[in-house]
Amino acid sequence: NNEKSVPQILIRDLKFEKKSLAKLMFSPDQENHPSKAPVKYGELIVLGYNGSLPNGDRGRRKSRFALFKRPKANGVKPSTVHIACTPQAAKAISNKDQHSISYTLSRAQTVVVEYTHDSNTDMFQIGRSTESPIDFVVTDTVPGSQSNSDTQSVQSTISRFACRIICERNPPFTARIYAAGFDSSKNIFLGEKAAKWKTSDGQMDGLTTNGVLVMHPRNGFTEDSKPGVWREISVCGNVFSLRETRSAQQRGKMVDNETNQLQDGSLIDLCGATLLWRTAEGLSRTPTVKHLEALRQEINAARPQCPVGFNTLAFPSMKRKDVVDEKQPWVYLNCGHVHGYHNWGNKEERDGKDRECPMCRSVGPYVPLWLGCEAGFYVDAGPPTHAFSPCGHVCSEKTTAYWSQIPLPHGTHTFHAACPFCAHQLAGEQGYIRLIFQGPLD
């Protein structure tokens, strides 16, 4: 125990042995930089952004957020329950170092649940607020918006402290989601109007104003995935069927056989933005941006041609994903025939939106094609053969088929399928179309 009494050579050997052990504990890619490769729990990806926010990712405001094991655990778990207005309850609320949740039952009565440090978990908080307790700042997604200025005029429905995710620090690194996050004073306040109740075991629980909805897909996030059922998650992480509308006072029925545990492909809706949860393991099986770039080059190398102008078409590079290029492929959404841009069939009485395909004469929207660059949305590594309608985002057939079946929450009580890359509501019978390219004639 006392280093001074042990021969120096032995200490050096012990230290060396510790190093060798550390080497054995890390996977090969971590071996050379054991300190640089923390454990990754997973990533949250905001639907509607094709790889980055319109004005670029900055700090805690970005289109995807990776959750890594923290150097020091910061998780919390419930401990003491106080019935207000006792001095202890008041103290718990005013104590800046003490996490607590306050349930206001009436002007005269508040129940305060103190939370204590949990050395086995890490906590991550998500919301609209830019205050320091929020790890991932999320703003309202405006479908197809090209800049954040488009989003500022809209009154936000996302809560400032919307939800928190608690990850186990030990394998299998389970992640669980809870409604509401702790504010700068480490408090969560559920006011008089919020839905709240006493549970059978004497604890308190409640729902936030617009609620936190979760959908776990069936068969994981794979090419065999099927949509699950949307549920609401309470402040204590219990699972409920949906309320009649987002902010209705009456809670749904408790769903005992389901949990708040996130799985690869779980969707989290914050009423204004929807996030996709991908586990680290799931991401390791997902195509990389490099793979998508290789697919882009492969399609371009086949030199698809415009059947009208006979000019060669090419998908622009991933970095130029918002500027229409002169070689850009365009598609007739009713038939899937791919062309270069041309003025053929642009009849004025069709208000310029619908065009007649020169190949098959079918009439419908004519839009530029864009590659889906956010690899986390792909359910497989298939080639980019299909496009979402009406936005023209291109990805694999299985990926278009999966997202076209998912009813995403919209507003306070409607659901509709949307393109994951731009959040545009899908149109047409299927919501997507198979692309028909014409090869070079030479």
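We now turn to the structure provided with this report. Quick caveat: nothing in here was measured; it's all calculated off a predicted structure.

Basis of the calculations
- Residues numbered from 1 in each chain as written.
- Predicted model: local features only at pLDDT ≥ 70, side-chain atom pairs only at ≥ 80, totals over all residues.
- Heavy atoms only, no water.
- Salt bridge = Lys/Arg side-chain N within 4 Å of Asp/Glu carboxyl O.
- Buried < 20%, exposed > 50% of the residue type's maximum accessible area, 1.4 Å probe, protein only.
- Pairing = 2+ DSSP bridges.
- Helix = DSSP H or I, 4+ residues; strand = E, 2+ residues; numbered from the N terminus.
- Core = buried A, V, L, I, M, F, W, Y, C linked by side-chain atoms within 4.5 Å.
- Contact = heavy atoms within 4.5 Å.
- Phe/Tyr/Trp six-rings, centres within 6.5 Å; stacked < 30°, edge-to-face > 60°.
- Lys NZ or Arg CZ within 6 Å of the ring centre and 35° of its normal.
- Polar contact = N/O pair within 3.5 Å; in protein donor to acceptor, adjacent residues only side chain to side chain.

**Some thoughts on the pattern of salt bridges**
Next up, step 1: Summed over the entire model, instances satisfying the criterion amount to 15 salt bridges.
Next up, step 2: One salt bridge in this structure joins E43 and K40, with 2.5 Å as the shortest N-O distance.
Next up, step 3: What makes K40 partly exposed here is its relative accessible area of 28%.
Next up, step 4: Here R231 makes a salt bridge to E258, at a shortest N to O gap of 3.0 Å.

**Quick look at the sheet that holds strand β22 (residues 370-371)**
Next up, step 1: Judged by pairing direction, the sheet is mixed, and its four strands sit side by side in the order β22-β24-β23-β27 without closing on themselves. At either end of the open sheet lies a strand with only one pairing partner, and these are β22 and β27 (432-434).
Next up, step 2: Here strand β23 (residues 386-388) pairs with β27 via three bridges, running antiparallel. When the sheet's bridge partners are listed, F388 is paired in β27 with Y432.

**Things to note about the nonpolar core**
Next up, step 1: Formed by 46 residues in total, the largest nonpolar core has its most connected members in L44, L67, I126, I165, I177, I268 and L270.
Next up, step 2: Among residues more than four places away in sequence, those in contact with L44 are S63, R64, F65, L67, I126, F136, I165, I268, L275, L276 and W277.

**What about unusual backbone geometry?**
Next up, step 1: Cis geometry marks the peptide bond from P171 to P172; its omega dihedral reads 5 degrees.
Next up, step 2: Relative to the elements of secondary structure, P172 occurs in the loop between β8 (163-168) and β9 (175-179).
Next up, step 3: Here the amide bond leading from S389 into P390 is cis, since omega sits at 15 degrees, within 30 degrees of zero.
Next up, step 4: Position of P390 among the secondary structure elements: in the loop between β23 and β24 (393-395).

**Here's the deal with the packing of aromatic side chains**
Next up, step 1: Using the criterion set out here, one finds 17 aromatic pairs in the structure.
Next up, step 2: Across the ring face of W197, the terminal group of R251 is positioned such that the distance to the ring centre comes to 4.3 Å.

**Quick look at the environment of F68**
Next up, step 1: Mapped onto the fold, F68 is located in strand β2 (residues 64-68).
Next up, step 2: The residues touching F68, leaving out its near neighbours within four places in the chain, are P38, V39, K40, Y41, D122 and F124.

**A closer look at the environment of K253**
Next up, step 1: Counting through the fold element by element, K253 comes out in the loop between β15 (239-240) and β16 (267-269).
Next up, step 2: Ignoring any residue separated from it by four or fewer positions in sequence, one finds K253 in contact with V239, F240 and S241.

**Regarding the environment of Q249**
Next up, step 1: Its place among the elements puts Q249 in the loop between β15 and β16.
Next up, step 2: The spacing of Q249 and T209 is 40 residues in sequence and 8.8 Å in space, taken between C-alpha atoms.
Next up, step 3: When near neighbours in sequence (up to four residues on either side) are disregarded, Q249 contacts K193 and A195.
Next up, step 4: A polar atom in the side chain of Q249 sits 2.7 Å from the backbone oxygen of K193.

**Things to note about the sheet that holds strand β20 (residues 354-356)**
Next up, step 1: As summarised here, the arrangement of the four strands in space is β19-β18-β21-β20, forming an open sheet in which the pairing is antiparallel. Each end of this open sheet is capped by a strand with a single partner; those strands are β19 (338-339) and β20.
Next up, step 2: As judged from the two bridges shared by strand β18 (residues 330-332) and β19, these two strands associate in the antiparallel manner. Pairing of W330 across the sheet is with H339, part of β19.

**Here's the deal with the pairing of strand β5 (residues 110-118)**
Next up, step 1: For β5, the tally of buried residues reaches seven of nine residues, placing the bulk of the element in the interior.
Next up, step 2: Across seven bridges, strand β3 (residues 75-83) lies against β5 in antiparallel orientation. Counted as the bridge partner of G75 is D118 from β5.
Next up, step 3: Counting the residues in the hairpin turn of strand β4 (residues 99-104) and β5 gives five residues.

**Focus: the pairing of β2**
Next up, step 1: What you see with β2 is a clean split: F65 and L67 sit on the buried side and R64, A66 and F68 on the side with no burial.
Next up, step 2: As paired strands, strand β1 (residues 40-46) and β2 are joined by five bridges and run antiparallel to one another. Within β2, the residue paired with G42 across the bridge is L67.

**Examining the side chain of R243**
Next up, step 1: Its place among the elements puts R243 in the loop between β15 and β16.
Next up, step 2: For R243, a relative accessible area of 8% puts it in the buried group.
Next up, step 3: Of the polar contacts made by the side chain of R243, one reaches the backbone oxygen of T208; its length is 2.8 Å.
Next up, step 4: A polar side-chain atom of R243 sits 2.7 Å from a polar atom in the side chain of E232.
Next up, step 5: Leaving out residues up to four positions away in the same chain, R243 has contacts with L207, T208, T209, N210, G211, E232, A248, Q250, R251 and G252.

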